[in-house]
Amino acid sequence: AVVPFRVSGISGTENLATLREGMVDLLYTQLTGDAGLRALDPRSVLPAWHAATTGDEDLPPDRAVKLAQQLGAGRLLLGTVIGTGGTLRITASLLSVPGGKQVLEATVSGPFDSLPSLVEQLAIQLLSRSAGELEGRVAVLAGTPLPAVEQYLAGMRVARTGRLLDAIPHFDSALAMDSGFA
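Residues numbered from 1 in each chain as written. Predicted model: local features only at pLDDT ≥ 70, side-chain atom pairs only at ≥ 80, totals over all residues. Heavy atoms only, no water.

Let's shift gears to the packing of aromatic side chains. One pass over the full model with this rule turns up one aromatic pair. Relative to Phe-171, the ring of Tyr-152 has its centre 6.0 Å away and its plane inclined at 45°; by these criteria the two rings are tilted. Here Phe-171 lies in helix α7 (residues 164-177) and Tyr-152 lies in helix α6 (residues 146-159), a separation of 19 residues in the sequence. (Phe/Tyr/Trp six-rings, centres within 6.5 Å; stacked < 30°, edge-to-face > 60°. Helix = DSSP H or I, 4+ residues; strand = E, 2+ residues; numbered from the N terminus.)

Encoded structure:
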């Protein structure tokens, strides 16, 4: 379950408040494949979030975990967007449900006008780390288009079960999407 992000700071003339709930939608579009993490539909998450809060308040992590559990989620994604000038820093923490233990964290930063790219990089970090990729490999994957990363991670998931021949089509597809991937 991706819940509304905490938002603070300024970003020139840009209104960061729209990113509070906007991050739910943006990450949903990035985390809908078969690469590991899949986000719940914002049409389920946001009404439940609004019912549990009053106005623009944030739920404490323990209450957010309970909300995610009620929605049937296996994990909860909490995040923060901080804007300074024309730069954004987006941090996301993946927590286990139930329990609320932090599983992993991902951070990206860059210019506000690169928001779509920053969200894709964040999704790649989350997917790669949740798939058990080594930190050095996560950095390499962050510069690769998301569809190619998804195919690569699907291939790795299959390869780790010992079905190497079944993994090859996924790797071929990743290379076809980004020939510089290797």
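Let us now look at the pattern of salt bridges. As enumerated under the stated definition, the model contains four salt bridges in all. Between Asp-58 and Arg-20 there is a salt bridge, with its nearest N and O atoms 2.7 Å apart. In this pair, Asp-58 is assigned in the loop between α2 (42-52) and α3 (61-70) and Arg-20 in helix α1 (residues 18-30), connecting sequence segments 38 residues apart. Classification of Arg-20 by relative accessible area gives buried; the value is 11%. The partner of Asp-166 in a salt bridge is Arg-163, with the nearest N and O atoms 3.3 Å apart. Of the residues examined, Arg-163 reaches a relative accessible area of 44% and is grouped as partly exposed. (Salt bridge = Lys/Arg side-chain N within 4 Å of Asp/Glu carboxyl O. Buried < 20%, exposed > 50% of the residue type's maximum accessible area, 1.4 Å probe, protein only.)

The next subject is the pairing of strand β2 (residues 75-84). Strand direction decides the pairing type here: strand β1 (residues 6-9) and β2, joined by four bridges, are parallel. When the sheet's bridge partners are listed, Ser-8 is paired in β2 with Ile-82. Note: β2 against strand β3 (residues 87-96), 10 bridges, orientation antiparallel. Its bridge partner lying in β3, Gly-83 is registered against Leu-88. The hairpin turn running from β2 into β3, its antiparallel successor, is two residues long, and Gly-85 in that turn takes a positive phi close to 65°. (Pairing = 2+ DSSP bridges.)

On to the packing of α6 against α7, then. At a minimum axis distance of 8 Å, the contact between α6 and α7 shows a crossing angle of 165°. Relative to α7, the element α6 lies roughly antiparallel. Two packed elements cross with a definite hand, and for α6 against α7 that hand is left-handed. For the pair α6 and α7, the contacting residues are Pro-147, Ala-148, Gln-151, Tyr-152, Ala-154, Gly-155, Met-156, Val-158 and Ala-159 in the first and Leu-164, Asp-166, Ala-167, His-170, Phe-171, Ser-173, Ala-174 and Met-177 in the second. (Axes fitted to C-alpha atoms, helices over the stretch in contact; angles between N-to-C directions. Parallel < 35°, antiparallel > 145°, perpendicular 65-115°, else oblique. Left-handed = near helix turned anticlockwise from the far one by under 90°. Contact = heavy atoms within 4.5 Å.)

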